[in-house]
Structures are given as structure tokens and as C-alpha cells.
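# Results of the structural survey
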Amino acid sequence: MRGRIHSLESMGLMDGPGIRFVVFMQGCKLRCAYCHNPDTWDLQGGSEMEPRELMDRILRYIPYFKASGGGVTFSGGEPLLQSEFLLEMLKLCRAAGIHTALDTAGVGNGRYKEILELTDLVILDLKHSTAQGYKDLTGLDISVLEPFVQTLADSTADVWIRHVVVPGITDSSEHIIRMKDMIRRILNVAKVELIPYHSLGENKYTELGYSYRLAGVEPLSSEQLKILEALLKEGSNEAGF
Ligand code: SF4
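Just so we're clear, the structure is a prediction, and the values are computed from it rather than from any experiment. (Residues numbered from 1 in each chain as written. Predicted model: local features only at pLDDT ≥ 70, side-chain atom pairs only at ≥ 80, totals over all residues.)

## Details of the overall build of the protein chain
Within the protein chain, the secondary structure is distributed over 9 helices and 8 strands. For 241 residues, the compact-globule estimate of 2.2 N^0.38 gives 18 Å, and the C-alpha radius of gyration of the protein chain, at 18 Å, lies within 12% of that figure. Taken along its principal axes, the extent of the C-alpha atoms in the protein chain is 45 × 45 × 30 Å. Taking all contacts inside the protein chain whose residues are at least 6 apart in sequence as the whole, residues at least 24 apart take part in 76%. (Helix = DSSP H or I, 4+ residues; strand = E, 2+ residues; numbered from the N terminus. Rg over C-alpha atoms; globule rule 2.2 N^0.38 Å. Contact = placed C-beta atoms within 7 Å.)

## So, the sheet that holds strand 1 (residues 3–12)
The pairing of strands in a sheet happens through backbone hydrogen bonds and is either parallel or antiparallel. One open sheet accounts for 8 strands, arranged 3-1-2-4-5-6-7-8; its pairing is mixed. Because the sheet does not close on itself, it has two edges, and the strands there are strand 3 (47–49) and strand 8 (189–196). Sheet twist, expressed as the average angle between the axes of neighbouring strands with direction ignored, equals 30°. As paired strands, strand 2 (residues 20–25) and strand 4 (residues 71–75) are joined by 5 bridges and run parallel to one another. For Val-23, the partnering residue across the bridge sits in strand 4 and is Phe-74. (Pairing = 2+ DSSP bridges. Axes fitted to C-alpha atoms, helices over the stretch in contact; angles between N-to-C directions.)

## Notes on the environment of Val-72
With respect to the helices and strands, Val-72 occurs in strand 4. Residue classification places Val-72 among the buried positions, given that 28 C-beta atoms sit within 10 Å. Val-72 sits 40 residues away from Cys-32 along the chain, and the two C-alpha atoms are 25 Å apart. Contact partners of Val-72, with chain neighbours within four places excluded, come to Arg-20, Phe-21, Val-23, Ile-58, Cys-93, Ile-98 and Thr-100. (Buried ≥ 20, exposed ≤ 12 C-beta atoms within 10 Å, placed from the backbone.)

## So, the pairing of strand 8
Alignment of strand 7 (residues 158–165) against strand 8, held across 7 bridges, turns out to be parallel. Counterpart to His-163 in the pairing with strand 8 is Leu-194. A crossover connection joins strand 7 to the parallel strand 8 through helix 7 (residues 173–184); in handedness this β-α-β unit is right-handed. (Right-handed = clockwise from strand over helix to strand, strands pointing away.)

## Thoughts on the nonpolar core
Counting residues in each nonpolar core, the largest one holds 58 residues, and the members touching the most others are Val-23, Met-89 and Val-122. Apart from the residues lying within four places of it in its own chain, the contact partners of Val-23 are Ile-5, Leu-8, Leu-54, Val-72, Phe-74 and Ser-75. (Core = buried A, V, L, I, M, F, W, Y, C linked by C-beta atoms within 7 Å.)

## A closer look at the pairing of strand 5 (residues 99–104)
Of all 6 residues that make up strand 5, 6 are buried, and the element is covered over most of its length. Burial of strand 5 is two-sided: the residues His-99, Ala-101 and Asp-103 facing one way and the residues Thr-100, Leu-102 and Thr-104 facing the other way are all buried. Inspection of the sheet shows strand 4 paired to strand 5 by 4 bridges, in the parallel sense. Among the inter-strand pairings, Val-72 is bridged to a residue of strand 5, identified as Thr-100. Crossover connection from strand 4 via helix 3 (residues 83–95) to parallel strand 5: handedness right-handed. Strand direction decides the pairing type here: strand 5 and strand 6 (residues 121–125), joined by 4 bridges, are parallel. Counted as the bridge partner of Thr-104 is Leu-124 from strand 6. Handedness of the crossover joining strand 5 and strand 6 through helix 4 (residues 112–117): right-handed.

## Quick word on the site of the ligand
By nearness alone, every residue bordering the ligand is listed as Cys-28, Leu-30, Arg-31, Cys-32, Cys-35, Asn-37, Thr-40, Gly-76, Gly-77, Glu-78 and Ala-105. Residues belonging to the shell around the ligand are distributed by class as follows: 5 nonpolar, 4 polar and 2 charged. (Near = placed C-beta within 6 Å. Nonpolar A, V, L, I, M, F, W, Y, C, P; charged D, E, K, R; others polar.)

## Notes on unusual backbone geometry
Cis rather than trans, the peptide bond between Gly-76 and Gly-77 has omega equal to 10°. Tracing the backbone shows Gly-77 in the loop between strand 4 and helix 3. Unlike most non-glycine residues, Arg-111 shows phi in positive territory, near 65°. Following the sequence through the fold, Arg-111 ends up in the loop between strand 5 and helix 4. Classification of Arg-111 by C-beta neighbours within 10 Å gives partly exposed; the count is 14.

## Overview of the packing of helix 7 against helix 9 (residues 222–233)
Between two packed helices, both the angle of their axes relative to each other and the distance between the axes serve to describe the pair. Direction vectors running N to C along helix 7 and helix 9 enclose 40°, while the axes themselves pass 9 Å from each other. Relative to helix 9, helix 7 is oriented so that their crossing is right-handed. Across from Ser-173, Ile-176 and Lys-180 in helix 7, the residues of helix 9 making contact are Leu-228, Leu-231 and Leu-232. Split by residue class, the contact of helix 7 with helix 9 holds 4 nonpolar, 1 polar and 1 charged. (Left-handed = near helix turned anticlockwise from the far one by under 90°.)

Listed below in C-alpha cells is the structure:
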């Protein structure tokens, strides 16, 4: 069995607790308008690796990430699209006592229950709160998310929610209130982060010959971000949302 890997990052600081060895897996079926990594979309791109080969690379960095309370994060692209390979990697990490995180949009090809039983932390990127908004932003029907979210709600994995706030698309108060309702359906949510949109990935679209749908959209201001964060916390539960 071989997995398709886009790239590896040995000192990730944004993708879970502590220092993370981040495995960016190749392939994604969504087409998020703000995606920074359109070079991960192609399901046939990247380079192939066997689980043991990747594990040997990970083990070289174990002294760095273990000492920091970190671990390994599977990101992408969409790691859930390579469920067999992901499962094998999660088993190897569990056997080695390594903390695992899954950075996902929740749209893969199944085996979610088995995957979640072997995952310590899920970082879930919720895209939009309405069916039309989800379709416009990602190109897919919002129903594709349901199997994973339902399985996650029944699991014991810790969950962090990440949500990219794009001016004119996901920055209204009504939207944030609907997001709060969506998040409360998922148990074990320990943290909710609003990520302000920025256009740093735009040049990759030009290089790949793709059109960038958010051309001309200004980055979110820090003032507006604070307003939405306060709204998210209003009437909050113990976890702060
Ligand atoms: S799910 Fe992630 S990798 Fe896929 S298009 Fe959206 S932002 Fe990009």
C-alpha cells in the first residue's frame, strides 16, 4: 500500500498542540475559494510513500515533538480521502505512543469510525453554515459533510473547530450564530478558532493556471474579527462557545 504525499513539515507550530510533524497528503475534492494549497488538489499528484517509509521519517523527529507535547498531524489536501493509508499510519503512530491530529474538512471516502478511534485530535474546518453558501464556497453539496460530522459527534476524539472568515461570504453575524449551532452538535469541542481570510495563496493559482475567485477581496480587519469572536462567545458554555 502506498499513500500520495504532497509534502512533509518537520516543525509545524500551527497544526495542533506542541511541535508537529505535519504530513500534507495529496488530493482534495473540495474547491474552497480561499484555499492556500491548490497544488494539493490533484488526486494523482504528489509522490508515493509506503507507511513504513513515512514512519521511519517521522521517528527521526520524535525527540523534538515529544519533548514539546506535540505529535504528528495529517493534513492536506484532504487526508480522509486516503483512508487505508491514513489508518495504517494512525496504527503505527498509536503503537509508537505518538499523539495524532487530523486536520480535515470532513469529506473523505469512509472508514471514519475506525479512523476516529485511532485519532487523538480532530481539527475540523467547517466551511459554511448554509447549503447554498457551502456549495458556492466549495463546489460540493453540504450533505457530503454529514457522515463524518455524525461519526465525529459520536466519537471520543478531542475536536478543535477552525473557520475561515471571508469578507462578504462568512463574516455576517447571522452566519456566525448559525455556525455556533452547528458546532454545538459536535461533542468534545475544546476550541473554536476564527481564521481571518488572507490572499497569500493567490500566486499559486496563477502558477497553476487556475482562476482565483476571491481576487479583489480585502483581508478581514482585526476589528471585525474581534466582533465576531465576541459574538461566538456570547452565551458560551464551559468550552467558551
Ligand atoms: S478542503 Fe482544504 S485543501 Fe481542500 S480545497 Fe478546501 S482549503 Fe483547500
